[in-house]
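# Coordinate analysis (summary)
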Amino acid sequence: LRGMAAVVERQDLRLVRPLLEFPRKRLAATVQASGLDWIDDPSNECDDYARVIARKALDRQAREALRDVAAHAAMVRAAIDLRLTMLAGDLVRVDPAGFAWLDRAGFLRLPPAIARRLLGRLAAVFGGLHYPARQAGLARAVEMLRAERSAVAGGCRFIARGAQMLVCREAGAEILVNGDPALAQ
């Protein structure tokens, strides 16, 4: 429901969609008023796609209500992401050698959903994989860490060490190096 992301980070690519908030009709009118040709994406009307069938099945009022829910979900996600960034600044100490230390007591105080997101973000940075960690693996990792056991998720190891947790890439994890899979050192 959060809708299409305005910014998407990929391996060697940042996709930016700065015009998502503008209504399609307004964009088309602006383009045409500038003397340019407006091109409709034919996939937006193709009944081979569930999104098109769903959109056609909803009346205008339902579409507007869903748009409002999606806008709210996007704001919530942005707020959670901002808070997560602030938490990481408070709880994580990055070592220049390519690993980090996570404050265990602070981590244990986090609600499970936020703890999963924090581990997911750490796995994205230190795990080296080209895809996000699976939610089930992150949930298992949170449970294991709360039980004072080490865990693996998203190509990353989380090792309980007293008041800290070591965060590092899993030995032997396949990662992308310059866009090509390579065996981790």
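In what follows, the structure referred to is the one given above.
What this report covers is the structure whose coordinates are included nearby. In this text, all values refer to a predicted model and were calculated from it rather than measured experimentally.

## Focus on helix α5 (residues 112-126)
Each full turn of the α-helix corresponds to 3.6 residues, which orients residues three or four apart in the same direction. An ideal rise of 1.5 Å per residue puts 21 Å on 15 residues; α5 measures up with 21 Å between its terminal C-alpha atoms. Along α5, the residues that are buried comprise A115, L118, L119, G120, L122, A123 and F126. G128, located one to two residues past α5, shows a positive phi value of around 80°.

## Notes on the pattern of salt bridges
Where charged atoms from two side chains of opposite charge approach closely, those side chains can pair. Counted by the stated rule, this structure contains 7 salt bridges. One salt bridge connects E148 with R104, and the closest N-O pair in it is separated by 4.0 Å. Remark: R104 occurs in helix α4 (residues 104-108) and E148 occurs in the loop between α6 (135-146) and β5 (151-153); sequence separation between them is 44 residues. By relative accessible area, which is 59% here, E148 ends up exposed. A relative accessible area of 11% places R104 in the buried class. One salt-bridge network, held together by shared partners, links R77, D81, R117 and R121.

## A few points about a positive patch on the surface
A cluster of like positive charges, contributed by R51, R55, R63 and R67, occupies part of the molecular surface. Going through the elements one at a time, α2 (50-57) and α3 (60-91) are the ones with two or more residues in the positive patch. Take R67: it is sitting in helix α3. Relative accessible area serves as the criterion here: at 52%, R67 is assigned to the exposed category.

## Describing the packing of aromatic side chains
In this structure the tally under the stated criterion is 1 aromatic pair. Between F99 and W101 the ring centres are 6.2 Å apart and the planes differ by 85°, which places this aromatic pair in the edge-to-face class. With a relative accessible area of 22%, F99 lands in the partly exposed category. Stacked on the ring of Y49, the Lys or Arg R51 has its end atom at 5.1 Å from the ring centre.

## Quick look at the packing of α5 against α6
α6 packs onto α5 with a crossing angle of 110° between their chain directions and a minimal axis gap of 9 Å. Here α5 is positioned roughly perpendicular relative to α6, judged by the angle of their axes. Across from P112, A115, R116, L119 and G120 in α5, the residues of α6 making contact are Q135, L138, A139, A141, V142, L145 and R146. For the contact of α5 with α6, the residue count by class is 8 nonpolar, 2 polar and 2 charged.

## Describing the sheet that holds strand β6 (residues 156-161)
With respect to topology, 5 strands assemble into an open sheet ordered β3-β4-β7-β6-β5, the strand pairing being antiparallel. Of all strands in the sheet, those with a lone pairing partner are β3 (92-95) and β5, marking the two edges. The average angle at which neighbouring strand axes cross in this sheet is 25°, direction not considered. Pairing analysis gives 4 bridges linking strand β4 (residues 99-103) to strand β7 (residues 164-169), with the strands arranged antiparallel. Note on β7: the bridge partner recorded for A100 is V167. Where α6 meets the sheet, its contacts fall on β5, β6 and β7, and the angle it forms with β5 comes to roughly 165°.

What counts, and at which threshold
Residues numbered from 1 in each chain as written. Predicted model: local features only at pLDDT ≥ 70, side-chain atom pairs only at ≥ 80, totals over all residues. Heavy atoms only, no water. Helix = DSSP H or I, 4+ residues; strand = E, 2+ residues; numbered from the N terminus. Expected span 1.5 Å × (residues − 1). Buried < 20%, exposed > 50% of the residue type's maximum accessible area, 1.4 Å probe, protein only. Salt bridge = Lys/Arg side-chain N within 4 Å of Asp/Glu carboxyl O. Patch = residues over 30% accessible without salt bridge, like charges linked within 9 Å, V, L, I, M, F, W, Y side chains within 5 Å. Areas by Shrake-Rupley, 256 points an atom, 1.4 Å probe, with all protein chains shown as cover. Lys, Arg positive; Asp, Glu negative; His and termini not counted. Charge placed at Lys NZ, Arg CZ, Asp CG, Glu CD. Phe/Tyr/Trp six-rings, centres within 6.5 Å; stacked < 30°, edge-to-face > 60°. Lys NZ or Arg CZ within 6 Å of the ring centre and 35° of its normal. Axes fitted to C-alpha atoms, helices over the stretch in contact; angles between N-to-C directions. Parallel < 35°, antiparallel > 145°, perpendicular 65-115°, else oblique. Contact = heavy atoms within 4.5 Å. Nonpolar A, V, L, I, M, F, W, Y, C, P; charged D, E, K, R; others polar. Pairing = 2+ DSSP bridges.

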